[in-house]
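# A closer look at the structure
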Amino acid sequence: MGLEEKLPSGVLLTSVEKAAGWARARSVWPATFGLACCAMELMMTGGPKHDLARFGMERASNTPRQADLMIVAGRVSQKMAPVLRQIYDQMADPKWVISMGVCASSGGMFNNYAIVQGVDHIVPVDIYLPGCPPRPEMLLDSILKLHDKIMNTKLGKNRDREITELENARLGLAPMRLPSPEGSQL
């Protein structure tokens, strides 16, 4: 016989951590960073058919200081990379990043000197969204997965240290190189 059975109906029991996680997940404000064709699908997600407002995300921030989610949609050029990092650094903590589309996630078909081969070389990415371009339904699914991640984020004094360690570890990863087959010209 637990405490729950002795309380009157209508009383909600939860921890402060779970209540704060629920509130943070329902108040995410995105800073859209649309760079290519994926940006059209990103804009369509805010339209009446898909309606980002039901997640509390109808306010797309034009200033990074009022946003806590960056959605990078499309290919990132080498010239745009410092701007992307500056906008990320100006965002309020805690902050999250969704890499939308294959070009943002891995450079896509643009394997050349002008395109960054994955936005994770510039900022730490929380959710990778594949597709060329990904459909709005896929973006909504990744937002729901991000909500789960936000709700399960721990609170406390060690949280900032843990985030810094994870960010440094992700930024320190070398790009994956596949071995070339014997006799290949690659």
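For the structure, check the block above.
Residues numbered from 1 in each chain as written. Predicted model: local features only at pLDDT ≥ 70, side-chain atom pairs only at ≥ 80, totals over all residues. Heavy atoms only, no water.

## Overview of the pairing of strand β3 (residues 96-100)
Short version of the rule: The classification of residues rests on relative accessible area computed with a 1.4 Å probe and restricted to protein chains. Under 20% of the type maximum is buried, over 50% is exposed, and intermediate values are partly exposed. Starting at the N terminus, helices and strands are each numbered in turn, a helix being any DSSP run of H or I of at least four residues and a strand any DSSP run of E of at least two. Note on pairing: DSSP must find at least two bridges between two strands before they are called paired.
Counting buried positions along β3 gives five out of five residues, so the element sits mostly inside the fold. Because side chains alternate across β3, one face comprises the buried residues Trp96, Ile98 and Met100, and the other comprises Val97 and Ser99, equally buried. In the sheet, strand β2 (residues 69-73) pairs with β3 via five bridges, with the strands oriented parallel. Bridging from a neighbouring strand, Ala73 pairs with Met100 of β3.

## Examining the sheet that holds strand β4 (residues 127-129)
What counts is decided by this rule: Axis definition: a line fitted to C-alpha atoms, over the contacting stretch in the case of helices. Angles run 0 to 180 degrees between N-to-C directions. By definition in these notes, contact holds between two residues if any of their heavy atoms fall within 4.5 Å.
Spatial strand order, β1-β2-β3-β4: four strands in an open sheet with parallel pairing. The strands lining the two open edges of the sheet, one partner per strand, are β1 (30-34) and β4. Neighbour-to-neighbour, the strand axes of this sheet turn through a mean angle of 15 degrees, independent of strand direction. Here β3 runs beside β4; their pairing, made up of three bridges, is parallel. Paired with Ser99 across the strands is Tyr128, a residue of β4. Sheet strands in contact with helix α3 (residues 38-45) are β1, β2 and β3, and its direction is about 135 degrees off that of β2.

## Side note on the side chain of Thr45
With respect to the helices and strands, the residue Thr45 is situated in helix α3. Not counting chain neighbours up to four residues away, the residues in contact with Thr45 comprise His50, Asp51, Leu52, Pro136, Leu139 and Leu140.

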